[in-house]
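# Summary of structural features
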Amino acid sequence: MQLVVGKIGRAHGIKGDVSVEVRTDEPELRLGPGAVLLTDPASAGPLTVESGKVHSGRLLLRFAGVKDRNDAEALRGTLLIAEVDPDERPEEEDEYYDHQLIGLDVVLLDGTLVGELTEVVHLPYQDLLTVKKADGTEVLVPFVEKIVPTIDLENQRAVIDPPLGLIDPDQAVVAVASAEGGAEGGPAEAGAGAEDGDDAAGDAGEGKADA
């Protein structure tokens, strides 16, 4: 199976180094020296990683045969693709590759179907799961244990416990209205929802999906 693990950015220096936008949680494995990568467009590769280093927070790679800045700049925008065994699992028990997650049914704790997991979005601060609902709309679910407590690959489902309003925005409106109206229990429930949201943001560093 082929997975996109990086995207080549600008040339760096005059010796052929390029900056790389990393799209994998295992750069040492997928983008380490000796790694052979397919490319999109295919005409740019395959590319063999000759060396790598981190400079000012960016990954810089040098590929075999890329000798100067002109060669490096010609690769700008190229996607780097790794061949991965479909049965391979990340070393950490609670981590998953994107292809293992895409297509899972997304359900609530009580088994109610929310939709289908269609994409894993990798951001610098956390991973997000794109869920396509039955009505065709999409919602982004933070991939943190508090909100996604269970990934059940055997039964092909992801169990989520979303804060109020994440899946159905109308619920959030009702909660706010109840709080403002002084309904019994309203302010406490609204506050709890806000705390859940804050906690989820606080857990942002614990993304669990790998490319």
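Residues numbered from 1 in each chain as written. Predicted model: local features only at pLDDT ≥ 70, side-chain atom pairs only at ≥ 80, totals over all residues. Heavy atoms only, no water.

### Looking at the overall build of the chain
Counting secondary structure elements, the chain contains five helices and 14 strands. Relative to its 211 residues, the chain shows a buried fraction of 37%. Carbon and sulfur atoms make up 49% of the accessible area of the chain, which totals about 11,700 Å². (Helix = DSSP H or I, 4+ residues; strand = E, 2+ residues; numbered from the N terminus. Buried < 20%, exposed > 50% of the residue type's maximum accessible area, 1.4 Å probe, protein only. Areas by Shrake-Rupley, 256 points an atom, 1.4 Å probe, with all protein chains shown as cover.)

### Notes on the sheet that holds strand β2 (residues 17-22)
Strands sit in the order β1-β2-β5-β4-β3-β6 around a closed barrel of six strands; the barrel is antiparallel. Pairs of neighbouring strands in the sheet enclose a mean axial angle of 50 degrees, with direction left out of account. Note that β2 and strand β5 (residues 58-63) share three bridges and pair antiparallel. The residue of β5 that forms the bridge with valine 18 is leucine 61. (Pairing = 2+ DSSP bridges. Axes fitted to C-alpha atoms, helices over the stretch in contact; angles between N-to-C directions.)

### Considerations on the sheet that holds strand β13 (residues 157-160)
Taken in spatial order, the six strands line up as β11-β10-β9-β8-β13-β12 in an open sheet, and their pairing is mixed. The open sheet has two edge strands, β11 (138-142) and β12 (150-152), and neither has a second partner. Recorded for the sheet is a direction-independent mean angle of 35 degrees between the axes of neighbouring strands. Sheet topology note: the strand β9 (residues 113-122)/strand β10 (residues 127-133) ladder contains seven bridges and is antiparallel. For glutamate 119, the partnering residue across the bridge sits in β10 and is threonine 130.

### Quick word on the nonpolar core
In terms of nonpolar packing, the biggest core is built from 20 residues, with Ile8, Val20, Leu31, Leu37, Leu61, Phe63 and Leu80 touching the most fellow members. Secondary structure elements with two or more residues in this core: β1 (2-12), β2, β4 (47-55), β5 and β6 (79-83). Of the residues forming this core, the biggest block, four residues, is contributed by β1. Leaving out residues up to four positions away in the same chain, isoleucine 8 has contacts with Val18, Ser19, Leu47, Phe63, Leu75, Arg76, Gly77, Thr78 and Leu80. Phe143, Val148, Ala158 and Ile160 belong to the second-largest nonpolar core, a separate cluster that totals 19 residues. (Core = buried A, V, L, I, M, F, W, Y, C linked by side-chain atoms within 4.5 Å. Contact = heavy atoms within 4.5 Å.)

### Remarks on the confidence of the model for the chain
Interpretation of the predicted coordinates at a detailed level should be avoided for regions scoring low in pLDDT. Confidence in the prediction for the chain averages 81 pLDDT; 77% of positions are at 70 or higher. Counted against residues more than four places away or in other chains, residues 183-207, with its pLDDT under 50, gives 22 contacts. (pLDDT = per-residue confidence, 0-100.)

### Some thoughts on the pairing of β13
Summarising the sheet, strand β8 (residues 105-108) and β13 pair through four bridges and their orientation is parallel. Opposite aspartate 105, over in β13, you have arginine 157 as the bridge partner. Inspection of the sheet shows β12 paired to β13 by three bridges, in the antiparallel sense. Its bridge partner lying in β13, isoleucine 151 is registered against alanine 158.

### Observations concerning unusual backbone geometry
A cis amide bond links aspartate 40 to the next residue, proline 41, at an omega of 10 degrees. As for its placement among the helices and strands, proline 41 is situated in the loop between β3 (36-40) and β4. With an omega of 0 degrees, the peptide bond between glycine 45 and proline 46 qualifies as cis. In this structure, proline 46 sits in the loop between β3 and β4. The backbone phi angle of serine 56 is positive, close to 50 degrees, even though this residue is not glycine. The topology assignment puts serine 56 in the loop between β4 and β5. Judged by its relative accessible area of 66%, serine 56 is exposed. A positive phi angle, close to 55 degrees, is found at glutamine 156, a residue other than glycine.

### Thoughts on the pattern of salt bridges
The final tally for this structure, using the stated rule, is four salt bridges. Across the pair arginine 76 and glutamate 73 runs a salt bridge, and its minimum N-O distance is 3.1 Å. According to the relative accessible area criterion, glutamate 73 is partly exposed, its value standing at 30%. Between arginine 157 and aspartate 152 there is a salt bridge; the shortest N-O distance is 3.9 Å. (Salt bridge = Lys/Arg side-chain N within 4 Å of Asp/Glu carboxyl O.)

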